Amino acid sequence: MRRPFALLAAAFLVGALAVPASAADADEDFTIKDPRITESSGLAASRLHPGIYWTHNDSDDGPYLYAVDSRTGETVARLTLTGVGTPRDVEAISIGPGNRLHVGDIGDNLGGGWPHVWIYELPEPKTLKDQTIRATQYVVKYSDGARDAESLVVHPKTGRAYVVDKDEQGGHLYEGPAELSASGTNVFKPVAAVPDLEATDATLSPDGRHLVVRSYFGSIAYDWNGGRIKRQKRLGVPFLGQGESVTYTADGKRLMYGAEGADSPVQGQDAPGGGGSSSGSGDAAARDGGGGDGLGGSLKAGAIAVGVACVALLGLRGLRRRR
């Protein structure tokens, strides 16, 4: 009869290790079901509307933003932007202070041929419904010449905008002016290298302390360090196809990864430093100084407690058998 008891103990232990306690409260994976969204290229978790994610098509769509409910995968609002020209290559979206949406029309399929690109800013609507909203258009140039980019982040505390350019050999983090101007050209300057990946999107944690930059097949986490970023670790990403987007959840506990294509999936992983376990694959986390077991402190404690209880029960059973 020892084997059934051992199996039961193992089952308790596996149950304790399977899912962190916080997972029940985290955003769930979902699929974007709107047939109009075939090239989801950016993703931003709403802080004003829990469970809502803003996204947009890459190109050939128009000045539209879509609010997708992660509980159903359905679009609950489509915004039409006015006050801007014809979008050219919309690649990113980020939410700044005061729930202001920032849209990065910063792609350059000519490999750095556009003389300038644009950022659009608009208030996130308090009511989710199809509506037209006037946006502010900012002209953006880079101090070291035109380039392709797909990653825009706006600091949640300062409101300052940053761009990571897309380069097979690794790019740079570009810092915009303290405040964007709608009346002139906004020059972005390189402030830190972003090596070892071809950036397709980036996201800042809600507290502004951590940056994650993703590529098609991986991502890297950084300490923000006032924009002079310091590499933390390499993270694994779920393979979803053409991986184009990433965002922190509104509570900062998870990273949600998205991809292009019809019925595109969005999948989450625990965010480093976000209260969950390490989101990198074991070997990648070990190479970059992360914990090899990937367990958060509270989860470890729970597993140890269950293990101790099982050992105690086994010991008690042995004493009874000897009597």
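Residues numbered from 1 in each chain as written. Predicted model: local features only at pLDDT ≥ 70, side-chain atom pairs only at ≥ 80, totals over all residues. Heavy atoms only, no water.

Asker: For this particular structure, what's the right way to read the pairing of strand β19 (residues 243-248)?
Answerer: If a strand is regular, its side chains alternate between the two faces of the sheet. Of all six residues making up β19, six are buried, and the element is well covered by its neighbours. In this sheet, strand β20 (residues 254-259) lies alongside β19 in antiparallel orientation, the contact comprising five bridges. Its bridge partner being in β20, Y248 is matched across the sheet by L255. From the end of β19 to the start of β20, which pair antiparallel, there are five residues, and G252 there has a positive phi angle of about 80 degrees. (Buried < 20%, exposed > 50% of the residue type's maximum accessible area, 1.4 Å probe, protein only. Helix = DSSP H or I, 4+ residues; strand = E, 2+ residues; numbered from the N terminus. Pairing = 2+ DSSP bridges.)

Asker: Looking at this model, I keep getting lost on the side chain of N57. Mind explaining?
Answerer: Following the sequence through the fold, N57 ends up in strand β3 (residues 52-57). Reaching out from N57, the side chain makes a polar contact with the backbone nitrogen of E39 at a distance of 2.9 Å. In terms of polar contacts, N57 uses its side chain to reach the side chain of D61, at 2.9 Å. Residues within four places of N57 in sequence aside, it is in contact with R36, I37, T38, E39, S40, Y66 and V90. (Polar contact = N/O pair within 3.5 Å; in protein donor to acceptor, adjacent residues only side chain to side chain. Contact = heavy atoms within 4.5 Å.)

Asker: How should I be thinking about the pattern of salt bridges in this particular structure?
Answerer: Side chains that differ in charge, positive against negative, can pair when their charged atoms come close. A full pass over the atoms with the stated rule returns nine salt bridges. Close ionic contact of D165 with R147 constitutes a salt bridge, the shortest N to O distance being 3.3 Å. You can see D165 sitting in strand β12 (residues 161-165) and its partner R147 sitting in the loop between β10 (136-142) and β11 (149-154), a full 18 residues away along the chain. On the accessibility criterion, R147 (18% relative accessible area) is buried. In this structure, R160 and E175 form a salt bridge, with 3.7 Å as the shortest nitrogen-oxygen distance. (Salt bridge = Lys/Arg side-chain N within 4 Å of Asp/Glu carboxyl O.)

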